[in-house]
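# Architecture and fold: a report
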Amino acid sequence: MDTTEAGAPRVVAGDARPAGAVRRAARELALVATLFLAYKVGRVAAAGRESTALTNGEWVWRLERLLRLPGEAAVQQPLLDHHLLIRLANSYYAYVHFPATAICLVWLYARRPADYRWLRQALAVLTAAALALHVLFPLAPPRMTALTGLVDTGSRYGPAVYGSPAADTLSNQYAAMPSLHVGWALAVAVALVAGTAGRLRWLWLAHPLVTLLVVVATGNHYWLDGVVAAVLLALILAVLPRRPADRRPVPAPGSAGRLRPHLVDPRRRPGPRRRGPVGSTGRGPRWGRFRPPGRG
């Protein structure tokens, strides 16, 4: 039986891959566009509610004091004497949030498709829940609340992410709770810890911890903003289906090379094995069968 046909490539499956990749990319772009439109709707819904957002900011600050949480100023004040550190914190807030999430999604999309789908779904649900809270509970960040004593480090030391709230038409600055910076960073860390191996994978948790300190130090979020984001993510992960394991395809019989028929010495006949000449090992077909001298 000829076994060389098992390794023949499948042309039909290979030709279908580009079309499937285009459809998947189109779906991902549609999801991003939907989230962006929802964010814009939240920005419009927050218009005209600035006084309510400021009042809610004072209420959250007083609640934190009742809960014995440390003041946000305890994190910001030591950094104000070191302009380099405060600029690093502002840069982390401005330039790490979206790129880190995008890089993680691209890497998971290419290497861990199951983890990618799981993280994408978690981020979509988390963002939708956060936008609903932003509309229901507008909250001014601590840098806008005079009761906190915090300063806007972005506008004072740079780089600045936000402009004047009255002239800002791209972002909703009265959407401090929950903190999507903390929520997305925690979701990314959980996905990377679950999708990588080794004890060093737990270092991914440093990303949400640093993000929490940065958003507080820059005056963009309260402690409770990060706590609410973590609680929301935990509830979402408890409701969503468990993360499926990546199924690695089993290689085809011909993927490791063409099969070769078993080689059998044509001179060898079935029957009891005979010894070769004296000193020989009798290994391999090259020794042949022992023939007594004078015969043949």
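Here the structure is shown first, and the text comes after it.
Residues numbered from 1 in each chain as written. Predicted model: local features only at pLDDT ≥ 70, side-chain atom pairs only at ≥ 80, totals over all residues. Heavy atoms only, no water.

### So, the overall build of the chain
- For the chain, the helix and strand inventory stands at 10 helices and 0 strands.
- Mapped from its N terminus to its C terminus, the chain presents α and β elements in the order α-α-α-α-α-α-α-α-α-α.
- When each of the 296 residues of the chain is scored for burial, the buried share is 32%.
- The contacts in the chain between residues at least 6 apart in sequence include a share of 80% that link residues at least 24 apart.
- Accessible surface, the chain: about 19300 Å² in total, of which carbon and sulfur atoms supply 64%. (Helix = DSSP H or I, 4+ residues; strand = E, 2+ residues; numbered from the N terminus. Buried < 20%, exposed > 50% of the residue type's maximum accessible area, 1.4 Å probe, protein only. Contact = heavy atoms within 4.5 Å. Areas by Shrake-Rupley, 256 points an atom, 1.4 Å probe, with all protein chains shown as cover.)

### Focus on a nonpolar patch on the surface
- Together, Leu-84, Leu-85 and Leu-88 make up an exposed nonpolar region whose accessible area comes to about 310 Å².
- Residue class for Leu-85 comes out partly exposed when judged on its relative accessible area of 41%. (Patch = residues over 30% accessible without salt bridge, like charges linked within 9 Å, V, L, I, M, F, W, Y side chains within 5 Å. Salt bridge = Lys/Arg side-chain N within 4 Å of Asp/Glu carboxyl O.)

### Things to note about the pattern of salt bridges
- Inspection of the entire model under this criterion finds 4 salt bridges.
- When the shortest N-O distance is used, the salt bridge between Glu-58 and Arg-62 registers 3.9 Å. Of this pair, Glu-58 and Arg-62 are both found in helix 2 (residues 50-66), 4 residues apart, which corresponds to roughly one turn of the helix.
- Residue class for Glu-58 comes out partly exposed when judged on its relative accessible area of 33%.
- The exposure class assigned to Arg-62 is partly exposed, which follows from its relative accessible area of 44%.

### Focus: the packing of aromatic side chains
- With the rule as written, the count across this model stands at 4 aromatic pairs.
- Ring centres of Trp-59 and Phe-137 lie 6.3 Å apart, and the angle between their planes is 70°; this geometry places the pair in the edge-to-face category. Taken together, the residues span a long stretch of sequence, with Trp-59 in helix 2 and Phe-137 in the loop between helix 6 (113-136) and helix 7 (153-157) at a distance of 78 residues.
- A cation sits over an aromatic face here: Arg-65 above Trp-61, 4.9 Å from the ring centre. (Phe/Tyr/Trp six-rings, centres within 6.5 Å; stacked < 30°, edge-to-face > 60°. Lys NZ or Arg CZ within 6 Å of the ring centre and 35° of its normal.)

What is shown is where atoms sit, not what they do.
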